[in-house]
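# A closer look at the structure
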Amino acid sequence: MAPLGEHGRRQAEVHESTEMRPHQLVCFSVEYVKVCRIFKAAVTYSKPRLATFWHYAKVELVPPTPAEIPTAIQSLKKIINSAQTGSFKQLTVKEALLNGLVATEVWMWFYVGEIIGKRGIIGYNV
């Protein structure tokens, strides 16, 4: 057999160093099986939860229809009227708490929209 020369020897060394040995193949396949099992478990865990999420998302996250807009305007007029007349003081604790939670939710969605619009949270005094 003819000598490989300097260039040929380097190629042979590189080829030998990148070859996978049998024990490496076994480790690779064992790791692959572990990853596949974890992935399968994650998919199995997530499917019913995502189905529930999409069910509620289709109902709750739709924009108002044109028929619902007059109802929303009427409820806004009621809120303004109760603020002007002071009738909000007659609310029960439960009603006041629910109104506060709705107001907080609207406020937080405003902040989420601002963060998305700015493409970052840095720069806001939160």
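Residues numbered from 1 in each chain as written. Predicted model: local features only at pLDDT ≥ 70, side-chain atom pairs only at ≥ 80, totals over all residues. Heavy atoms only, no water.

### Points about the packing of aromatic side chains
Enumeration over the complete set of coordinates arrives at three aromatic pairs. Put simply, the rings of Trp107, Phe110 and Tyr111 pair up and form one aromatic cluster. Lying across the ring of Tyr45, Arg49 places its NZ or CZ 3.8 Å from the centre. (Phe/Tyr/Trp six-rings, centres within 6.5 Å; stacked < 30°, edge-to-face > 60°. Lys NZ or Arg CZ within 6 Å of the ring centre and 35° of its normal.)

### Topic: helix H4 (residues 93–118)
End to end, H4 covers 37 Å across 26 residues, agreeing with the expected 38 Å (1.5 Å per residue, within 8%). Downstream of H4 by one or two residues, Arg119 has phi in the positive range, about 65 degrees. (Helix = DSSP H or I, 4+ residues; strand = E, 2+ residues; numbered from the N terminus. Expected span 1.5 Å × (residues − 1).)

### Some words on the environment of Leu91
With respect to the helices and strands, Leu91 occurs in the loop between helix H3 (69–85) and H4. Using a relative accessible area of 35% as the deciding quantity, one classes Leu91 as partly exposed. With residues up to four places along the chain from it excluded, the contact list for Leu91 reads Ala96 and Asn99. (Buried < 20%, exposed > 50% of the residue type's maximum accessible area, 1.4 Å probe, protein only. Contact = heavy atoms within 4.5 Å.)

Fair warning: the whole summary comes from geometry, so function is off the table for now.
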